[in-house]
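This is what each chain is made of:
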Amino acid sequence: MITEKTIADLIYREAEFLDTMQWQAWLDLFHPEGRYWMPLEWQQQDPVLQPSLMYEDLLLLKVRVERLAGERTFSQKPKSRCHHLLQAPRIVTCDPAAGVFKARTSYIYTETRGDMLERYSGWASHEFVEVGDALKIKLKRVDLVNFDAPFGNIQLFM
Amino acid sequence: MAKYGRNAHAVAALVRDAEVHRDVYVDPEVFELEMEHLFPNSWVYVGHASQLAKPGDFITANIGRQPVLASRHSDGSIHVFYNRCPHKGVKIASEPCGNTGKFFRCPYHAWSFKTDGSLLAIPLKKGYEGTGFGDTQANGGLSKVRNVVIYRDFIFARLSDNGVSFEDYFGESLSTIDNMVDRSPEGKLAVVATPIRYMHTCNWKMLVENQTDTCHPMVAHESSAGTAVKVWKREQGCSTETPMAVQLYGPFMSPYEFYEQSGIRIWPNGHGHTGVANSIHSNYSDIPGYLDQMVAAHGETRVHEILGEVRHNTVYFPNIMVKGAVQILRNFIPIAVDRTLVESWVYRLVGAPDKLYERALMYNRFINAPTSIVGHDDLEMYERAQEGLKSNGNQWVNLRRLYESNEEQNVTAVINGTSERQMRNQFHAWAKFMTMDMDKHIEAAE
């Protein structure tokens, strides 16, 4: 039985996979039709006909993960690392009967590489679907508080 | 230590026939001189008229480092001003765009100006009576940028009063803008969203040069485009249709021979483009309905001319790049000698199917975003160059690929697509627009 705790635990586990660079385990959390979305506009509605920083399916996420380990991926020499500091997720919907599971999590994200350290603040909105008796990520949406600012390289996943 | 100020000979000597001195990328004094001479002497992109659809609409931009403001006046005309109040210098508009209504009002002392820049009102105006205010520049309102040309809705400005005319400056290079606009069934482009912004810790010219550097994609982008091709081959299963995403990434891995035969065209004053015969944009899938719309609008023959021209990157000297086939303009905005803000704009082809706009937006985030893996590859190279150029072991950057000893400057030519001639062309123009008014400044100072 999916409960609110199931959702929160999954969000914590996702952050842990990212922080410990278990990329394949992270990808495995996604539903085959899942998407990772970083909008470029305030309260953006459309990921396709409005500009986004990222709107990627599993194929493109696999490309990113595989690239991180590539022998000729020079922007990963040295490698980046990341840290997620999450507030307790707010469960927006937990409706097993309808199969709708949504949460919103406020967090601070840090990405480092060599001597550089960049810090970002924002909210993750997760939508899950139930597959078997587990939840899979249907959509992870990352809204940065300063989505419109000019960032340098963001190479890992928020 | 000032080496280059008021010294046109020293500046010109930074550019040899097929080499440039590293100071053009790393010396803060050279950067200051670019702000003082190169950008004011050049025609610089300010924005697009569709961003100023209604009277009172405004946009802000920088030319070099100088803030400017463009507005749509009540009679429909477009004006460009220096973005400062004539009173104390406060920026009149601080947002990227907006609508000011019937007039601009300075937030500091409420001086107000019509949208053609003329002075409308000053509180307690009688305090200026008998002070000689009428003879000051302030009485004229917002200082106007006098040399403004709007070409097919693209707004360009030259800050210097004297210099090369718009027509002579761009010449035949405007054909890339023509082609992009002609790709709309209604002959019209529209900016409908904000650009993707990406901060680069490198000199702005490294980005401009990279636009026509066709010997780097298969090397530097092996990590991104190469991986995309590899993962797709493995994962495609029995798919018969290549997804739009893979169509966009794949051609970056084209071999040297592809780029060699696709060619480069150079024009006078530092403009030029890759992809003359064909380009990495040539083999995208047709978008249903688009061709029919175009034929209805332009006729069969003309449509084949328009869509048959699939240029890759067109550099408009000094600091923009236009991609007609995917309706993108990248603006390489200099912030400091080692800092460049890149704003990548997508234009919507008015009247064309949504799918074309979707593809342009996808290309923009794949290639031009701070989250772009192709962008990561490139920025890593620029940053390493910015560091490496501090080395004294060799003070010159080599641009000699396919150089011919009798190579003509300031001409139109079509050449092998792996030539570095467009980079040489840019630096020839760089020396010209840097030094063209330096002697006059010296005379004025003496």
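Residues numbered from 1 in each chain as written. Chains lettered and ligands numbered in written order. Predicted model: local features only at pLDDT ≥ 70, side-chain atom pairs only at ≥ 80, totals over all residues.

Once that is clear, we can look at the interface of chain A and chain B. At the junction of the two partners, chain A supplies 29 residues and chain B supplies 32 residues. For the side of chain A that touches chain B, the secondary-structure elements that each account for two or more residues are strand 2 (52-56) and helix 3 (58-68) of chain A. For the side of chain A that touches chain B, the element with the most residues is helix 3 of chain A, which contributes 7 residues. (Contact = placed C-beta atoms within 7 Å. Helix = DSSP H or I, 4+ residues; strand = E, 2+ residues; numbered from the N terminus.)

Before going further, it helps to examine the confidence of the model for chain B. Of all residues in chain B, 98% attain a pLDDT of 70 or more, and the chain-wide mean is 96. On the interface metric, ipTM, the complex scores 0.97, and its pTM is 0.97. (pLDDT = per-residue confidence, 0-100.)

Glancing now at the nonpolar core. Residue and element names in this part refer to chain B. Of all hydrophobic cores here, the largest spans 133 residues; its most connected members are Val 44, Val 46, Val 68, Ala 70, Phe 156, Ala 157 and Trp 430. Of the residues forming this core, the biggest block, 7 residues, is contributed by helix 15 (residues 421-435). Shared between two domains, this core takes at least three residues from each, and those domains are domain 1 (44-151) and domain 2 (195-433). When residues no more than four places from it in sequence are discounted, the contact partners of Val 46 are Ala 61, Val 68, Ala 70, Val 80, Ile 155, Phe 156 and Ala 157. (Core = buried A, V, L, I, M, F, W, Y, C linked by C-beta atoms within 7 Å. Buried ≥ 20, exposed ≤ 12 C-beta atoms within 10 Å, placed from the backbone. Domains from an automatic or database assignment.)

This part takes up unusual backbone geometry. Residue Pro 78 of chain A follows Lys 77 of chain A across a cis peptide bond; omega there is 5 degrees. The omega torsion across Phe 317 of chain B and Pro 318 of chain B is 5 degrees, close enough to zero to call that bond cis. Mapped onto the fold, Pro 318 of chain B is located in the loop between strand 16 (314-316) and strand 17 (320-323). A positive phi angle, near 50 degrees, is found at Leu 124 of chain B, a position not held by glycine.

Attention now moves to the pairing of strand 19 (residues 339-346) of chain B. Residues and elements named next belong to chain B. Across 5 bridges, strand 13 (residues 196-200) lies against strand 19 in antiparallel orientation. Residue Arg 197 lies in a different strand from strand 19, and its bridge partner there is Glu 343. Here strand 18 (residues 328-336) runs beside strand 19; their pairing, made up of 8 bridges, is antiparallel. By the bridge assignment, Ala 336 is partnered in strand 19 with Arg 339. If you look at the hairpin formed by strand 18 and strand 19, you'll find 2 residues sitting between the two strands. (Pairing = 2+ DSSP bridges.)

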